[in-house]
Amino acid sequence: MSHAQKALLIESKQGPFVLGTRPIPTPGAGEVVVKVHAAGLNPVDWKIQAYGIFVEDFPAVVGSDVAGEIEAVGQGVEGFQKGDRVFLQGPFTDNKNGAFQQYMVNPAELTAKIPANLSYSEAATIPVAFNCAAFGLFAPAPLVGTQNFPDIWSGEGALVIYHIAIYAWPAVVIGGSSSVGQYVIQLLKLAGFSPIIAYASTRHAAHLTSLGATHVLDRTNTLLTPAALHAAVQAITSAPISIVFDAVCSADAQQSGYAVLGPGGTIVIAGRSLIEAAPERTVVPVLGSEHPPTHRAFGRVVVANITGMVADGRIVPNRVEEVPGGLAGIKEGLAKLQRGEVSGVKLVGHPLEA
Ligand SMILES: NC(=O)c1ccc[n+]([C@@H]2O[C@H](COP(=O)([O-])OP(=O)(O)OC[C@H]3O[C@@H](n4cnc5c(N)ncnc54)[C@H](OP(=O)(O)O)[C@@H]3O)[C@@H](O)[C@H]2O)c1
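Residues numbered from 1 in each chain as written. Predicted model: local features only at pLDDT ≥ 70, side-chain atom pairs only at ≥ 80, totals over all residues. Heavy atoms only, no water.

An unreviewed UniProt entry lists the protein under the name Chaperonin 10-like protein, from Mycena rosella.

Listed below in structure tokens is the structure:
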């Protein structure tokens, strides 16, 4: 095998994506090398390129949603062998960890097996968006918040969802049809929240209802203003809203979401907070990454749970829009994502394709 692989590179800060080559990495102790069959595209990937954020080492390889097969295992790795189908969230801290190349490296402890019912493309829709939802809703304080919601996880990796009561707390998901929003809805349903009100385009209403949304507020008819969203939510329930998840991350979304919260409620924001919190309501910006040392323990819990959750259908992947054309196609897909032309699906590319 050649020791070079193809990669999609950002050669300098805010430089364009270009096709290039890199050495195939070797695994360090505790690491696996994964042959990347499918790579999910996320907004952060184009934001790193366009805004020059998060990454300082160039040329850079970005992309964080990986599904593929184990190519090699490092010293001390147990439970994986060459050919195993796996999915994982890579960090974008080092080029060897990027998804938009043919082979990448990941810690074995943050790598999960793909169950037989999922394709590589379906598996590649999960890690980043699911982690944003899972960390935002369930990571223990003080990591992302002080919520005291029902715990659907176990540190040993076995779900305790079957043992919890149905809490029937109301929740609102702004951007319900986004990749993140779809996993938020499913996790809220698993935890027993009700009603679950999604703010989204109604063309996705049937799908969002199948995931667990009890109501879909049509975003073309309901303005994203504090007064309009509050009135629309009040028409559905007069119970105090315990949680709003903002998967849109605009100032409008955050202000409107904050306005519908009941006393003691929490707004989880899939990005930077743009609002000032009053003492009786909590604002939780999320870093949905398993990799920082502060996030590893909960990351391991997610990894221990996720294979079973998708195997038995408690969590279903996003609907996939395949991106043809290998790494060049991924570049085009990122431009489409940046133009806001992706609706209710996850773009998935294939670095091994010509
Ligand atoms: N903090 C983290 O760890 C983390 C992780 C992942 C993502 N994020 C962030 O979370 C956000 C969502 O990411 P994603 O991957 O889920 O995005 P995405 O799937 O690409 O988002 C596209 C969706 O957003 C919906 N949308 C856009 N504007 C909306 C609005 N005003 N109201 C309601 N829905 C709206 C669109 O709905 P329709 O076309 O159906 O109307 C579309 O389905 C991004 O800002 C991303 O950077 C953060």
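Right, picking up where we left off after that structure.
> Describe in detail the overall build of the protein, supporting the description with residues and values.
Of the regular secondary structure elements, the protein holds nine helices and 15 strands. The principal-axis extents of the C-alpha atoms in the protein amount to approximately 65 × 40 × 35 Å. Within the protein, the fraction of its 354 residues that count as buried is 56%. Taking the intrachain contacts of the protein between residues at least 6 apart in sequence as the baseline, contacts between residues at least 24 apart amount to 67%. Here the protein has roughly 14300 Å² of accessible surface; of this, 55% comes from carbon and sulfur atoms. On the protein, the mean spot of the 22 positive side-chain charges and the mean spot of the 27 negative ones are 3 Å from each other. (Helix = DSSP H or I, 4+ residues; strand = E, 2+ residues; numbered from the N terminus. Buried < 20%, exposed > 50% of the residue type's maximum accessible area, 1.4 Å probe, protein only. Contact = heavy atoms within 4.5 Å. Areas by Shrake-Rupley, 256 points an atom, 1.4 Å probe, with all protein chains shown as cover. Lys, Arg positive; Asp, Glu negative; His and termini not counted. Charge placed at Lys NZ, Arg CZ, Asp CG, Glu CD.)

> Explain the site of the ligand residue by residue, including any values.
Taken together, 26 residues lie around the ligand, and S201, R219, V286, G288 and S343 are the ones closest in. In the model, an oxygen atom of the ligand is placed 3.2 Å from a nitrogen or oxygen of the R203 side chain. Within the contact set of the ligand, an oxygen atom lies 3.0 Å away from a backbone nitrogen or oxygen of G344. Among the secondary structure elements, those contributing two or more residues to the shell around the ligand are helix 1 (43-51), helix 3 (127-138) and helix 4 (179-190). Looking at side-chain class alone, the shell around the ligand contains 14 nonpolar, nine polar and three charged residues. (Near = heavy atom within 4 Å. Polar contact = N/O pair within 3.5 Å; in protein donor to acceptor, adjacent residues only side chain to side chain. Nonpolar A, V, L, I, M, F, W, Y, C, P; charged D, E, K, R; others polar.)

> Give me helix 4: which residues, what numbers.
The periodicity of an α-helix, 3.6 residues per turn, causes residues three or four places apart in sequence to face the same way. For helix 4, spanning 12 residues, the distance from its first C-alpha to its last is 17 Å, which sits close to the expected 16 Å at 1.5 Å a residue. In terms of burial, helix 4 is largely enclosed, as 11 of its 12 residues are buried. Along helix 4, the residues that are buried comprise S179, V180, G181, Q182, Y183, V184, I185, Q186, L187, L188 and L190. Positive backbone phi, approximately 90°, marks G192, located one or two places after helix 4. (Expected span 1.5 Å × (residues − 1).)

> Tell me about the side chain of Q182, and name the residues and values.
Positionally, Q182 belongs in helix 4. Setting aside residues up to four positions removed in sequence, Q182 forms contacts with G176, S177, H207, L208, L211, N318, R319 and G344.

> Please give an account of the pairing of strand 1 (residues 4-10) that cites residues and values.
Of all seven residues making up strand 1, five are buried, and the element is well covered by its neighbours. Where strand 1 lies against strand 2 (residues 17-23), seven bridges are found, and the strand directions are antiparallel. Looking at strand 2, one finds that I10 is bridged to F17. Between strand 1 and strand 2, which pair antiparallel one after the other, the connecting turn spans six residues, and Q14 there sits at a positive phi close to 65°. (Pairing = 2+ DSSP bridges.)

> Quick rundown of the domain arrangement of the protein? Include the residues and the values.
Looking at the protein, the domain boundaries give domain 1 (4-126 + 318-349) and domain 2 (129-285). Spacing between the C-alpha centres of domain 1 and domain 2 amounts to 28 Å. Listed by partner, the interface residues are nine residues for domain 1 and 10 residues for domain 2. Taken together, both faces of the contact between domain 1 and domain 2 bury some 860 Å²; the carbon and sulfur share is 32%. (Domains from an automatic or database assignment. Buried area = accessible area lost by both parts, 1.4 Å probe.)

> Hey, could you go over the pattern of salt bridges for me, with residue numbers and the actual values?
Close approach of charged atoms allows side chains with opposite charge to pair. Scanning the model with the defined rule gives 11 salt bridges in all. Notably, a salt bridge pairs K82 with E71, separated by 3.3 Å at the nearest N-O pair. Of this pair, K82 sits in the loop between strand 4 (65-73) and strand 5 (85-89) while E71 sits in strand 4, placing them 11 residues apart in sequence. Across the salt bridge formed by R281 and E280, the nearest N and O atoms sit 3.1 Å from each other. (Salt bridge = Lys/Arg side-chain N within 4 Å of Asp/Glu carboxyl O.)

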